[in-house]
Amino acid sequence: KALLLDDDPYALEFLRAILSERYPGLEIHARSEPDPTGEYDVYLLDDDFEGVRLAGKLARRIRAQRPEALILAFSASLDDRTLKDLLGAGCNGVCDKRVPGDLPEMLEALDRCMSELEREQHRPPSDLSTRYLVNTFRDLFRAWNRRLDSQE
């Protein structure tokens, strides 16, 4: 699951379109307010919300709640101070909206991360984590439902 946070509706739809086409199995949620609540695997944050730079604050909050999540920030006014703040806040990557080559590089990095997330979801953990148990039981129920449907 991915969460997109940006106060620009056009930017949200642009990112949603790119991600939907590139990752058809990705469940995408989008919000125009700076609210990162919820459990997501990937967060894409705009740096500027109505003139206030919030991505660093949002990344810190997300990192505290979801230490394993992938956090990517986008900025149209990326300077050294902002970059340092975003990376220090726990962002895995930062994209400068003014640099045309940044988005393709970010998407290539995201490809690698998404592949790793998919591998992790299918790999049994060393302990019986909640996510593993939920996935296991969901798969069992689906198998039983298919079996019952085929007997009818």
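Now for a quick tour of the structure. (Residues numbered from 1 in each chain as written. Predicted model: local features only at pLDDT ≥ 70, side-chain atom pairs only at ≥ 80, totals over all residues. Heavy atoms only, no water.)

## Regarding the overall build of the protein chain
Move 1: A tally of helices and strands in the protein chain yields five helices and seven strands.
Move 2: For the protein chain, the N- to C-terminal ordering of α and β elements is β-α-β-β-β-β-α-β-α-β-α-α.
Move 3: Counting every position in the protein chain, which comprises 152 residues, the buried fraction comes to 36%.
Move 4: Relative to all contacts within the protein chain whose residues are 6 or more apart in sequence, the contacts with residues 24 or more apart total 60%.
Move 5: Element-wise, carbon and sulfur atoms account for 53% of the exposed surface of the protein chain, whose accessible area totals about 9,700 Å². (Helix = DSSP H or I, 4+ residues; strand = E, 2+ residues; numbered from the N terminus. Buried < 20%, exposed > 50% of the residue type's maximum accessible area, 1.4 Å probe, protein only. Contact = heavy atoms within 4.5 Å. Areas by Shrake-Rupley, 256 points an atom, 1.4 Å probe, with all protein chains shown as cover.)

## Some points on the packing of aromatic side chains
Move 1: Counted under the stated rule, the structure contains one aromatic pair.
Move 2: Seen in terms of ring centroids, Tyr40 and Tyr43 are 5.7 Å apart; in terms of plane orientation they differ by 80°. Their pairing is edge-to-face.
Move 3: On the basis of relative accessible area, Tyr40 is assigned to the buried category, the value being 4%.
Move 4: Lying over the aromatic face of Tyr40, Lys1 brings its terminal NZ or CZ to 5.0 Å of the ring centre. (Phe/Tyr/Trp six-rings, centres within 6.5 Å; stacked < 30°, edge-to-face > 60°. Lys NZ or Arg CZ within 6 Å of the ring centre and 35° of its normal.)

## Digging into the packing of helix α1 (residues 9-22) against helix α4 (residues 102-122)
Move 1: Where α1 meets α4, the axes come as close as 12 Å, and the angle between the chain directions of the two elements is 45°. When the axis of α1 is compared with that of α4, the two are oblique. For α1 against α4, the interelement crossing comes out right-handed. Together, Phe14, Ile18, Leu19 and Arg22 of α1 and Leu103, Leu107, Glu108, Leu110 and Asp111 of α4 make up the contact between the two elements.
Move 2: The residue makeup of the contact of α1 with α4, split by class, is six nonpolar, no polar and three charged. (Axes fitted to C-alpha atoms, helices over the stretch in contact; angles between N-to-C directions. Parallel < 35°, antiparallel > 145°, perpendicular 65-115°, else oblique. Left-handed = near helix turned anticlockwise from the far one by under 90°. Nonpolar A, V, L, I, M, F, W, Y, C, P; charged D, E, K, R; others polar.)

## Description of the sheet that holds strand β7 (residues 93-96)
Move 1: The strand order across the open sheet built from five strands is β2-β1-β3-β6-β7, with neighbouring strands paired in parallel fashion. Single-partner strands in this sheet number two, and they are β2 (28-31) and β7. Each strand axis lies, on average, 15° off the axis of its neighbour in the sheet, ignoring direction.
Move 2: Strand direction decides the pairing type here: strand β6 (residues 70-75) and β7, joined by four bridges, are parallel. (Pairing = 2+ DSSP bridges.)

## Topic: the side chain of Asp46
Move 1: Summarising the element assignment, Asp46 is placed in strand β3 (residues 42-46).
Move 2: At 2.9 Å, the side chain of Asp46 and the side chain of Lys97 are in polar contact.
Move 3: The contact partners of Asp46, leaving out residues within four places of it in the chain, are Leu5, Asp6, Asp7, Ala55, Phe74 and Lys97. (Polar contact = N/O pair within 3.5 Å; in protein donor to acceptor, adjacent residues only side chain to side chain.)

## Observations concerning the pairing of strand β1 (residues 2-5)
Move 1: Taking every second residue as pointing to the same face, both faces of β1 are buried, with Ala2 and Leu4 on one and Leu3 and Leu5 on the other.
Move 2: In terms of strand pairing, β1 meets β2 through four bridges, oriented parallel. Bridging across to β2, Ala2 finds its partner in Ile28.
Move 3: In terms of handedness, the path from β1 via α1 over to β2 forms a crossover that is right-handed.
Move 4: Note: β1 against β3, four bridges, orientation parallel. Residue pairing in the sheet places Leu5 in a bridge with Leu45 of β3. (Right-handed = clockwise from strand over helix to strand, strands pointing away.)

## Structural notes on the environment of Tyr23
Move 1: Residue placement: Tyr23 occurs in the loop between α1 and β2.
Move 2: For the pair Tyr23 and Met114, spaced 91 residues apart in sequence, the C-alpha to C-alpha distance is 8.5 Å.
Move 3: Not counting residues within four places of it along the chain, the set of residues in contact with Tyr23 comprises Leu107, Leu110, Asp111 and Met114.

Keep in mind these numbers describe shape, not what the thing actually does.
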